[in-house]
Protein chains: 2
Amino acid sequence: MVVFINGEFVSEDRALLSAFDRGFLLGDGLFETVLVQQRVPFRWAQHAERLQRGAALLRLPLPMPVERLRSQVAELIRRNGLPDGVLRITVSRGPGPRGYSIAAAGPSTLVMALHPAPPPMPDTWRVATSSIRLVAGDPLAGVKTCSKACQVAARTEAEARDADEALLLNTDGQVAEGAGSNLFWVEGGRICTPPLSAGILPGITRALVLELCTELSLPACESNGTLETLFHAEGVFFTLSTWGIIPASELEARPLPHSPLVDRLQAAYQTRLLTETSKT
Amino acid sequence: MVVFINGEFVSEDRALLSAFDRGFLLGDGLFETVLVQQRVPFRWAQHAERLQRGAALLRLPLPMPVERLRSQVAELIRRNGLPDGVLRITVSRGPGPRGYSIAAAGPSTLVMALHPAPPPMPDTWRVATSSIRLVAGDPLAGVKTCSKACQVAARTEAEARDADEALLLNTDGQVAEGAGSNLFWVEGGRICTPPLSAGILPGITRALVLELCTELSLPACESNGTLETLFHAEGVFFTLSTWGIIPASELEARPLPHSPLVDRLQAAYQTRLLTETSKT
């Protein structure tokens, strides 16, 4: 694997960072995970926008404009000879003195790696609720920081319970999102997902699913729900950039029904993925 | 500076990590910051205990038993020729495949660095409340993870408002802790601090201050308070391993009174620091 690190393309074993990088010391960074198909990073503009928004909020200077980042991504795809894969972009605040203050830290570290295409998507996910809560209204929820210990712990908890993904509730007791995915459910024929104010990440695939609902004339809404809402839903599914849309077959070991609307959304997603990645 | 990294002592510029280390990618690690005086890591047993507890909770294997860690710390102090300093121990889950699952990750990465002694402690801190909330009852609050983006953002916010430290409230609206410190206040002659259930880190210096209260026969209690509690307190102070006890002179740009009990605790802290670090 060829990795882009701070302006250079190097082999994986030479992709090295200072042990004083604040990404390592404090999770003080941002990342994006982008599906690459036919050499095209899917929904690039949306990922780049979220990265820029995060950089502004955290006052973390991006080492290059996103247009230049895009051309380095093209070069990374070329050098790896990997037209289909998963791109991970990580920007950290770089090395800095001890402590939390960002004064005197930097310059930012930029790492981009192109991983092989994800394994085939499972048909469904078994989901277990986590004991970890997200903060309703969290001002940082809108940006994808590298501080994911909560999400890692939630996923670990879920896997220990033989589930594939964790469902996190927020501090108001509302269902919020998965450890690495956004949550949707079908209720009265409507596609529902928690609003961003629930303290969730504005997922790129989440936004796409809402677009697809409009395209398919499916009624959609952002609304808060509880575990009971999910148990009574006509279907529950999760979204993420690497796999798109995954229906949940079980929540807390209780079976969930399958909604044919999820099949329609999955088909529309696949069509959109093909269309947008064969444009160039 | 000589740095310990994965079993080796190397110079600072050779302390390098894989860009695929989950500490860097996901803040998936733990750390401790330990004051070293006269070659003695102050409150070692307490720091080691918290690190072990965190490792158990996150299922993150420590690369060596804490007894061996202690002897490597002694060697690090010796090699740096620095009897007084600040030790940072970082343990991350090490390199791993993409994604949150801890399956197939590791071996753990261990980095220890001995930084020069902290600059002289400021007499007081000006404190500003943060817009970021901590989760009351957070099951992860008890361990010191490397996922500190919230704390970094809170400190950044505070510094932008010309304050030295941020005060974070929890999701129940109670005062919780500083970005990098624990909170205390004096109320009716009693030394008060939020209970661990407020979602705070069990600070090593926080625990020591509670011990010192017993020693000095000062009444102490763990109780929840609000911003109003602090504005009406006889004194407010913060605790942290590098500096001990720092009184707050201002909160939200409103002056706070100074309690002579804080002077007594500071003196007792200094005595204890001297006593415990001249034993060996």
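Residues numbered from 1 in each chain as written. Chains lettered and ligands numbered in written order. Predicted model: local features only at pLDDT ≥ 70, side-chain atom pairs only at ≥ 80, totals over all residues. Heavy atoms only, no water.

A. Spatial organisation of the overall build of chain A. Each helix and strand counted, chain A has 7 helices and 16 strands in total. Here the C-alpha atoms of chain A give a radius of gyration of 19 Å, agreeing with the 19 Å that 2.2 N^0.38 yields for 280 residues. Dimensions of chain A, computed from C-alpha atoms along their principal axes, come out at roughly 50 × 45 × 30 Å. Buried positions account for 58% of the 280 residues belonging to chain A. Sequence-distant contacts, at least 24 apart, represent 72% of the contacts inside chain A between residues at least 6 apart. Element-wise, carbon and sulfur atoms account for 52% of the exposed surface of chain A, whose accessible area totals about 10600 Å². A distance of 7 Å separates the average location of the 26 positive side-chain charges in chain A from that of its 29 negative side-chain charges. (Helix = DSSP H or I, 4+ residues; strand = E, 2+ residues; numbered from the N terminus. Rg over C-alpha atoms; globule rule 2.2 N^0.38 Å. Buried < 20%, exposed > 50% of the residue type's maximum accessible area, 1.4 Å probe, protein only. Contact = heavy atoms within 4.5 Å. Areas by Shrake-Rupley, 256 points an atom, 1.4 Å probe, with all protein chains shown as cover. Lys, Arg positive; Asp, Glu negative; His and termini not counted. Charge placed at Lys NZ, Arg CZ, Asp CG, Glu CD.)

B. Structural view of the confidence of the model for chain A. Counting all residues, the mean pLDDT for chain A is 97, and 99% of those residues have values of 70 or more. Complex prediction metrics read pTM 0.97 and ipTM 0.97. (pLDDT = per-residue confidence, 0-100.)

C. Highlighting the relation of the copies chain A and chain B. Expressed as a screw operation, the relation of chain A to chain B combines 0.0 Å of axial shift with a rotation of 180 degrees, fitting to an RMSD of 0.0 Å. Within this description, the copies of the chain are treated as partners about a two-fold rotation axis. In this assembly the copies share their binding face: 100% of the residues contributing to the interface of chain A also contribute to that of chain B. (Least-squares fit on C-alpha atoms with pLDDT ≥ 70 in both.)

D. Quick look at the state of the cysteines. Going through the model one piece at a time under the given rule, you end up with 0 disulfides over all chains. In this structure cysteine 146 of chain A is a free cysteine whose sulfur lies 12 Å from that of cysteine 146 of chain B, the closest cysteine sulfur available. Its relative accessible area of 1% is what places cysteine 146 of chain A among the buried residues. Here cysteine 221 of chain A stays unpaired: no disulfide links it, and the sulfur of cysteine 192 of chain A, its closest cysteine neighbor, is 3.4 Å away. (Disulfide = S-S within 2.5 Å.)

E. Summary view of the interface of chain A and chain B. Each side of the interface is counted separately: chain A has 59 residues, and chain B has 59 residues. Counting each side, the surface lost to burial between chain A and chain B is near 4700 Å², with a carbon and sulfur contribution of 71%. For chain A, the biggest contributors to the area lost against chain B are Phe24, Arg98 and Tyr100 of chain A; these three give 19% of the whole. For the pair chain A and chain B, the number of links is 0 salt bridges. Of all the elements in the fold, those that place two or more residues in the side of chain A that touches chain B are strand 1 (2-5), strand 3 (16-18), helix 1 (22-26), strand 4 (29-37), strand 6 (85-92), strand 7 (109-116), strand 8 (125-134) and helix 4 (149-160) of chain A. Residue composition of the side of chain A that touches chain B, grouped by class: 29 nonpolar, 17 polar and 13 charged. Of the pairings in the sheet, the one linking strand 3 of chain A to strand 3 (residues 16-18) of chain B comprises 3 bridges and is antiparallel in character. (Buried area = accessible area lost by both parts, 1.4 Å probe. Salt bridge = Lys/Arg side-chain N within 4 Å of Asp/Glu carboxyl O. Nonpolar A, V, L, I, M, F, W, Y, C, P; charged D, E, K, R; others polar. Pairing = 2+ DSSP bridges.)

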